[in-house]
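Structural overview
One-letter residues, chain by chain:
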Amino acid sequence: MKNTLLIHFVCVIFAASFTTINAQSMSHTLSAPVAKKLPKQLKKHNEIRIDDYYWLNDRENPEVIDYLNQENSYYDAMTAHTKDFQEQLFEEMKGRIKEDDQSVPYLYNGYYYITRYEKGQDYPIYSRKKGSLDSPEEILFNCNELAKGHTFFQLGGLSVSPDNRFASFGVDIVGRRIYTIKIKNLETNEILPDVIENATGGSVWANDNHTLFYTRQDKVTLRANQIFKHKLQTSAHQDVLVFEEKDETFNVSVGKEKSRKYIVIGSESTMTTEYRILNSETPDAEFKVFQPRVRGLEYSISHFGDSFYILTNKDKSTNFKLMKTPENATEKKHWKEVIAHREDVLIEDIEIFSNYLVIEERSNGLNHIRIMPWSGEGEYYLPFGSETYNAYTTTNVDFNTDILRYSYQSMATPSSVIDFNMKTKEKEIKKEQAVLGGQFDKNNYVEERVWATAKDGIKVPISLVYRKDLKKDGTNPLLQYAYGSYGVTMEPYFSTTRLSLLDRGFIYAIAHIRGGEDLGRQWYEDGKLLKKKNTFTDFIDCSQFLIQEKYTSPAHLYAEGGSAGGLLMGAVVNMAPELYHGVIAQVPFVDVVTTMLDDSIPLTTGEYDEWGNPNKKEYYDYMLSYSPYDNVKAQTYPNMFVSTGLHDSQVQYWEPAKWVAKLRTHKKGNTVLYLHTNMDAGHGGASGRFEAIKELAKEFTFLLDLEEIKK
């Protein structure tokens, strides 16, 4: 089923971190870049749109690169007065992080696996210990060494063979999520000659320790569309195509069941799924379709014993129900109900153990963990006392244990990893997230959940965190964040970096708007396709509520969103610019109509069930009515900071670039508008953990500088 944020510093010290020159005064002396206009006619449904900046859609064009560099130089010049403060913020946020940190070890197939960081290093080290945590450490991959010479580095899809001898892994050195898969002999530390290009990064081993299944992408659209079979120490040119997804609205993946008995190929679109299964002992046999796809039927599978457990929306079960079927009779006509559908409870996931079934549920906007003994007696829920929190199961790779590992955090409570004994109900906190610096005390913060009334009467939850000494008098700066698409739930999570805003008087708010799955599946359905505008109006209504309740005011309210949340930002600044003093739009999806009409752009065709297909007039007209780029107009916009990555594979860099170019020609007044392009990164930004904090420091400085201007 279907993702940064010390009482106020002494004012004199804080003010000293800025020069007397501010962005607004500089805006009168520095000229913003002006992108040339090359009008292009875009024809559809007997209508013509004029796109003056279509030419920016060519990263190989030196003029395009020159324009992006001009925007970066403009940003640098306009924010030069904040550079020292950016560095101060960076060091402050970095100083809260335990640099020599490591994950909680987990035991799998005879080895304890650990991910750790070393002081001063940007990238993780993956290691393991055989049989005992007292055993010598075997370093599998030191990403700090592998990343040398690269401006971007990402290791993904680490998979160890059943005999523990080999590890497959994917490497991306560009940031477009296009991986090269390689294989390492863990006994000799030799990297084998096997090289698999143009992959998604992940791969799984069959039980013969010789056969590897992996996913390849279409070279143009980057849609994951093929599953290949690779034999150890052979050329990738000899790999066998075992499945190809011809439907352009579907993406494919391959994985392995917790039982290790089955290799599973998944085909998934926004509203339909289909699986194929293969016994891991017979990798050269044919995959069998589990249940043929039916438009609108979603299901996921978990193998245990001689059965499969199926989480599905079958029979109009909008919030999903749990069913079961024999492993040799997998079509839906054989499925039997285990947990019935409930209108007020969304089943998000399950975890199976020999003696227990664990259900992850969501009701009233909060997640719950339900423990159900297979005996049928004594089921219960884990108790969580906070008003707003996030709890979820983590790494549970063994059936034969009474220990459930889960994580808990809230907006004021650092994350903990907990081992819970489902039999005795005793819990052991294996790790609590460290917050260094000696100044953090969760008792200094208040977290609450409030409900705003949307324009159609629907109640929308908002999660808030702020210092307890704060007064609700309308003068507080408030950063409101949301996403609101793809059924993604925005959990109320803890952030050490966010403390740099909270401790300077900011309130942080997450608006759980429609388009996510925060209040169940219908919450998602009511925020997509021809109901997409609910996402935007919900956000605006939440802003108005926070203003009415004196949490903040338009002079101090800021908004932030990324990717599809960047679309949200683009829509709300067109619809209600007067509510916000500043807006951060990260890698924003803003040229909706043009992108969704171009099926050569990565991910487009798979998005039709989310946004609609603009080749159909009804969807074209609706998209056109809210597309941020198409609805830029002559009005006063908030101060805006827009970021993107040149190699972004999810939202192409030219969308925010075109948007900013158009905004520059239409916006009134002297609010600032910045476009910053990371020339080395993709959708996720910089790859190193500290480089990512530097990007965050830019955003926080943007907000804090605007507040400083007002003093």
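Scroll up to find the structure this text is about.
So, here is what we can say about the structure in this document. (Residues numbered from 1 in each chain as written. Predicted model: local features only at pLDDT ≥ 70, side-chain atom pairs only at ≥ 80, totals over all residues. Heavy atoms only, no water.)

Describing the overall build of the chain
Regarding its fold elements, the chain presents 14 helices and 37 strands. Computed over C-alpha atoms, the radius of gyration of the chain comes to 26 Å, within 12% of the 27 Å expected from 2.2 N^0.38 for 711 residues, which places it in the range of a compact globule. Principal axes of the C-alpha set define a box for the chain whose edges measure 70 × 60 × 55 Å. For the chain, with 711 residues in total, the buried portion stands at 59%. By element, 49% of the accessible surface of the chain is carried by carbon and sulfur atoms, the whole surface being about 28,600 Å². The centroid of the 83 positive side-chain charges in the chain is displaced by 2 Å from the centroid of its 98 negative side-chain charges. (Helix = DSSP H or I, 4+ residues; strand = E, 2+ residues; numbered from the N terminus. Rg over C-alpha atoms; globule rule 2.2 N^0.38 Å. Buried < 20%, exposed > 50% of the residue type's maximum accessible area, 1.4 Å probe, protein only. Areas by Shrake-Rupley, 256 points an atom, 1.4 Å probe, with all protein chains shown as cover. Lys, Arg positive; Asp, Glu negative; His and termini not counted. Charge placed at Lys NZ, Arg CZ, Asp CG, Glu CD.)

A short note on the nonpolar core
Counting 109 residues, the largest nonpolar core has I462, L464, F539, Y580 and W659 as its most contacted members. Counting residues per element, this core draws most heavily on helix α14 (residues 689–709), which supplies nine residues. Residues in contact with Y580, not counting those within four places in the same chain, are F539, I540, S543, P554, L557, A559, V572 and P638. With 17 residues, the next largest nonpolar core counts I369, L382, Y406 and Y408 among its residues. (Core = buried A, V, L, I, M, F, W, Y, C linked by side-chain atoms within 4.5 Å. Contact = heavy atoms within 4.5 Å.)

Re empty space enclosed by the protein
In this structure, the second largest cavity encloses a volume near 60 Å³. Around the second largest cavity sit 13 residues that line it, and G365, R449, S463, H512 and D518 are the ones nearest its centre. (1 Å grid on protein atoms, 1.4 Å probe; cavity = no way out; pocket = protein on both sides within 12 Å on 5 of 7 lines; lining within 4 Å. Points joined across faces, edges and corners; volume = space filled by probe spheres on them.)

Structural notes on the pairing of strand β28 (residues 416–421)
When you tally the buried positions in β28, you get six out of six residues, the bulk of the element. With burial as the criterion, each face of β28 is covered, one bearing S416, I418 and F420 and the other bearing V417, D419 and N421. Pairing of strand β27 (residues 403–410) with β28 involves six bridges; the strand directions are antiparallel. Each bridged residue has a counterpart across the sheet, and for R405 the counterpart in β28 is D419. Between β27 and β28, which pair antiparallel and follow one another directly, the connecting turn spans five residues. Direction of pairing for β28 relative to strand β29 (residues 427–432): antiparallel, over a ladder of five bridges. For D419, the partnering residue across the bridge sits in β29 and is E428. Hairpin connection of β28 to β29: five residues between the antiparallel strands, including K425 at a positive phi of 65°. (Pairing = 2+ DSSP bridges.)

Quick notes on the environment of R293
Mapping R293 onto the fold places it in the loop between β17 (288–289) and β18 (299–304). Taking C-alpha positions, R293 is 45 Å from E145, a pair spaced 148 residues apart along the chain. Ignoring sequence-local partners within four residues, the contact set of R293 consists of F243, E245, D247, F250, S267, T272, T273, E274 and R276. Engagement of the side chain of R293 in a polar contact is seen with the side chain of E245, the distance being 2.6 Å. (Polar contact = N/O pair within 3.5 Å; in protein donor to acceptor, adjacent residues only side chain to side chain.)

Here's the deal with the sheet that holds strand β7 (residues 154–160)
Overall, antiparallel pairing links the seven strands, which are arranged β7-β8-β9-β10-β11-β12-β13 in an open sheet. On the outer flanks of this sheet lie β7 and β13 (240–244), each paired with one strand and no other. Within the sheet, the average angular offset between the axes of one strand and its neighbour, ignoring direction, is 35°. As paired strands, strand β9 (residues 179–185) and strand β10 (residues 190–205) are joined by five bridges and run antiparallel to one another. Residue pairing across strands places K182 opposite V195, the latter belonging to β10. (Axes fitted to C-alpha atoms, helices over the stretch in contact; angles between N-to-C directions.)

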